[in-house]
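Structural characterization, general
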Amino acid sequence: MVGLLNLGSLILGIVAWILPIVNLIQFKHSWVGRSMMSISACAISLGFQIFYMYHLVKIEDWSALMDTMGAVAFAAAVLLIVTIGLNVMTLMVYRKREKTM
């Protein structure tokens, strides 16, 4: 059951990247909602990773923690930076489009 945290984290991370890309491809007025869902998916994905690391601490699997913590920290940073970047890009594109209309 705990292994589903990693799968859920991966799926939500992909969703966090897909939603802003959909915003950039389709010009709709609901871009704010999709951006909020993207940031929420990113936050929940990171939360799942925190809960998984907590599980490893609770069962005292120190070798698994030491082996995976560097990769998890790097992946979390990449997820956060790319998600924020895509959503900022969406905001900039929509502001520019609204000024020209």
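Residues numbered from 1 in each chain as written. Predicted model: local features only at pLDDT ≥ 70, side-chain atom pairs only at ≥ 80, totals over all residues. Heavy atoms only, no water.

1. Some points on the packing of helix H2 (residues 31-58) against helix H3 (residues 62-100)
- Running from N to C, H2 and H3 point in directions that differ by 175°, and their axes come no closer than 10 Å. Judged by the angle between their axes, H2 and H3 are roughly antiparallel. (Axes fitted to C-alpha atoms, helices over the stretch in contact; angles between N-to-C directions. Helix = DSSP H or I, 4+ residues; strand = E, 2+ residues; numbered from the N terminus. Parallel < 35°, antiparallel > 145°, perpendicular 65-115°, else oblique.)

2. Things to note about the nonpolar core
- Judged by nonpolar contacts, Met53, Leu56, Ala64, Leu65 and Val72 together constitute the single largest core of five residues.
- For this core, the secondary structure elements donating two or more residues are H2 and H3.
- At three residues, the largest contribution of residues to this core is made by H3. (Core = buried A, V, L, I, M, F, W, Y, C linked by side-chain atoms within 4.5 Å. Buried < 20%, exposed > 50% of the residue type's maximum accessible area, 1.4 Å probe, protein only.)

3. Observations concerning the layout of surface pockets
- Here the largest pocket defines a volume of roughly 280 Å³.
- Mapped by element, the contributors of at least two residues to the lining of the largest pocket are helix H1 (3-25), H2 and H3.
- Looking at the lining of the largest pocket, the element that brings in the most residues is H1, giving six residues.
- Residues belonging to the lining of the largest pocket are distributed by class as follows: nine nonpolar, five polar and no charged. (1 Å grid on protein atoms, 1.4 Å probe; cavity = no way out; pocket = protein on both sides within 12 Å on 5 of 7 lines; lining within 4 Å. Points joined across faces, edges and corners; volume = space filled by probe spheres on them. Nonpolar A, V, L, I, M, F, W, Y, C, P; charged D, E, K, R; others polar.)

4. Considerations on the packing of aromatic side chains
- Scanning the model with the defined rule gives one aromatic pair in all.
- Seen in terms of ring centroids, tryptophan 31 and tyrosine 94 are 5.0 Å apart; in terms of plane orientation they differ by 15°. Their pairing is stacked. Residue tryptophan 31 is located in helix H2, and its partner tyrosine 94 is located in helix H3; the two are separated by 63 residues in the primary sequence. Like tyrosine 94, tryptophan 31 is buried. (Phe/Tyr/Trp six-rings, centres within 6.5 Å; stacked < 30°, edge-to-face > 60°.)

5. Side note on the packing of H1 against H2
- In the contact formed by H1 and H2, the axes pass within 8 Å of each other and the chain directions differ by 160°. In terms of axis orientation, H1 runs roughly antiparallel to H2. Note that H1 runs across H2; the crossing there is left-handed.
- Per-class residue counts for the contact of H1 with H2 are 15 nonpolar, nine polar and one charged. (Left-handed = near helix turned anticlockwise from the far one by under 90°.)

6. Examining H1
- With 23 residues, H1 extends 34 Å between its outermost C-alpha atoms, agreeing within 8% with the 33 Å of an ideal straight helix rising 1.5 Å per residue.
- If you follow the buried residues of H1, they end up packed against H2 and H3. (Expected span 1.5 Å × (residues − 1). Contact = heavy atoms within 4.5 Å.)

7. Examining the side chain of glutamine 49
- Looking at where glutamine 49 falls in the secondary structure, it is placed in helix H2.
- With a relative accessible area of 15%, glutamine 49 lands in the buried category.
- Polar contacts involving the side chain of glutamine 49 include one to the side chain of asparagine 6, which spans 3.0 Å.
- Among the polar contacts made by the side chain of glutamine 49, one reaches the side chain of serine 9 at a distance of 3.4 Å. (Polar contact = N/O pair within 3.5 Å; in protein donor to acceptor, adjacent residues only side chain to side chain.)

8. Observations concerning unusual backbone geometry
- The residue glutamate 60 is not glycine, and still its phi comes out positive at about 60°.
- With respect to the element layout, glutamate 60 can be found in the loop between H2 and H3.

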